[in-house]
Amino acid sequence: MAQKRDILVSAPGKIILSGEHSVVYGQPALLTAVNRRLSVSIKEADQGIEIIADEPPDLARYALEKTEQLLKKEIKRGLKIKINSQIPVGRGFGSSAALAVAIVGGLFSYFGKTWDKALINQIAYEIEKKQHGNPSGGDNSVVCFGGFLRFQKRGEKFIIKPLKIKTSLPKFILLDSGRAKETTGEMVHCVSKKYKKEKLKVKRTLSLIGRTTIKTIAGFKKGNFNQLTTLIKENERLLEELGVVGQKAKRLIREIEKLGGAAKICGAGGLKAGSGVVLCYHPKPKIILNFAQKQKLVHFPVKLGTEGVKNEKN
Ligand code: MEV
């Protein structure tokens, strides 16, 4: 072990500014890391592997096993692993990607391996497959590399382009539409069922989301946000057409539109209960903040474009 050292690794949550679901089908997405983090501390113990976490430890255990398997290394002693997270679960904030990436990073340190972020990302992607079935790899990539990413998948290959944002960003507000009852994997499966049934229609919707994403990325690159209200509304309308936004989130988003703003889900969505966090934009953000306060909506203040996975002990 890199040895007897206490290991502490943290990874950020993420949101998708444009392109969720369509990214699974090869369209580009714009993702960003946020300043809510999950940390994994690894300490030697006498025997066995003890995982202390708020959520069930199954994914963490699987992440440990998969990393051992892919790195062809073995955990030889006991470990005490503590997971602390500020990332709400089931909200489209990428909590499972953050867990996967942080555990892989932690085990790189444990095995004394130099951090190779591309390899950490690939292993985290394999772990995400267990959780999500058919993930795009976008969530783990942004959590691993941080910042703003243009992400696209070609077969099993990732095309990752970090985006340099030169101007200051408009104020985005994240409102909670509630925890999704469905997992990301279930929502991805929901779209794939629809794709099989109505291939032409769904293909068209996915490629229209792709076009919206390309325009959104161009705006972010130029620091020109004139089209943002239209683009977010369009993206949301297409996501609703895909059938991933529940009634509760739709009602909330219509209210925001009535106030002159635009809003969309930021991840896989959800149907039976909430659809996770909703990204809101208004040229006058105060209007949304007042609305949220009056409606007693949970509001997540976040910073975008934050650092990716990080060794906190270096
Ligand atoms: C989930 O955060 C984003 C989805 O596009 C799934 C994925 O990209 O793997 C719904």
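The following refers to the structure shown. All of these numbers come straight from a predicted model, not from anything done at the bench.

1. Focus: the site of the ligand
Turning to step 1, where the next piece is worked out: In the region of the ligand, 13 residues are neighbours, and Lys14, His21, Pro135, Ser136 and Asp139 sit closest.
Turning to step 2, where the next piece is worked out: One nitrogen or oxygen atom from the side chain of Ser136 is found 2.6 Å from an oxygen atom belonging to the ligand.
Turning to step 3, where the next piece is worked out: Measuring from an oxygen atom of the ligand, one finds a side-chain N or O atom of Asp139 at 2.7 Å.
Turning to step 4, where the next piece is worked out: For the ligand, whose unbound accessible area comes to 300 Å², protein coverage reaches 97%.
Turning to step 5, where the next piece is worked out: If you list the elements that add at least two residues to the shell around the ligand, you get β1 (7–18) and α5 (184–197).
Turning to step 6, where the next piece is worked out: Tallied by class, residues from the shell around the ligand come to six nonpolar, four polar and three charged.

2. Remarks on the nonpolar core
Across soluble globular proteins, you tend to see nonpolar side chains buried next to one another.
Turning to step 1, where the next piece is worked out: Ile15 and Phe220 are the most contacted members of the largest nonpolar core, which has 68 residues in total.
Turning to step 2, where the next piece is worked out: By residue number, the principal contributor to this core is helix α2 (residues 95–110), which donates eleven residues.
Turning to step 3, where the next piece is worked out: With sequence-adjacent residues up to four places away left out, Ile15 is seen in contact with Leu31, Thr32, Val34, Gly92, Phe93, Leu174, Cys266, Leu279 and Leu304.
Turning to step 4, where the next piece is worked out: Met187, Leu238, Leu239 and Val244 belong to the second-largest nonpolar core, a separate cluster that totals 15 residues.

3. Details of the packing of aromatic side chains
Turning to step 1, where the next piece is worked out: A full pass over the atoms with the stated rule returns nine aromatic pairs.
Turning to step 2, where the next piece is worked out: Judged by centre distance (4.9 Å) and plane angle (80°), the ring pair of Tyr125 and Phe158 falls under edge-to-face. With a gap of 33 residues between them, Tyr125 in helix α3 (residues 117–132) and Phe158 in strand β6 (residues 157–162) connect regions that are remote in the sequence. In this pair, the class of Tyr125 matches that of Phe158, namely buried.

4. Details of the environment of Lys164
Turning to step 1, where the next piece is worked out: Within the secondary structure, Lys164 is located in the loop between β6 and β7 (172–176).
Turning to step 2, where the next piece is worked out: Residues Lys164 and Asn311, 147 residues apart in the sequence, show an inter-C-alpha distance of 23 Å.

The rules behind these values
Residues numbered from 1 in each chain as written. Predicted model: local features only at pLDDT ≥ 70, side-chain atom pairs only at ≥ 80, totals over all residues. Heavy atoms only, no water. Near = heavy atom within 4 Å. Polar contact = N/O pair within 3.5 Å; in protein donor to acceptor, adjacent residues only side chain to side chain. Areas by Shrake-Rupley, 256 points an atom, 1.4 Å probe, with all protein chains shown as cover. Helix = DSSP H or I, 4+ residues; strand = E, 2+ residues; numbered from the N terminus. Nonpolar A, V, L, I, M, F, W, Y, C, P; charged D, E, K, R; others polar. Core = buried A, V, L, I, M, F, W, Y, C linked by side-chain atoms within 4.5 Å. Buried < 20%, exposed > 50% of the residue type's maximum accessible area, 1.4 Å probe, protein only. Contact = heavy atoms within 4.5 Å. Phe/Tyr/Trp six-rings, centres within 6.5 Å; stacked < 30°, edge-to-face > 60°.

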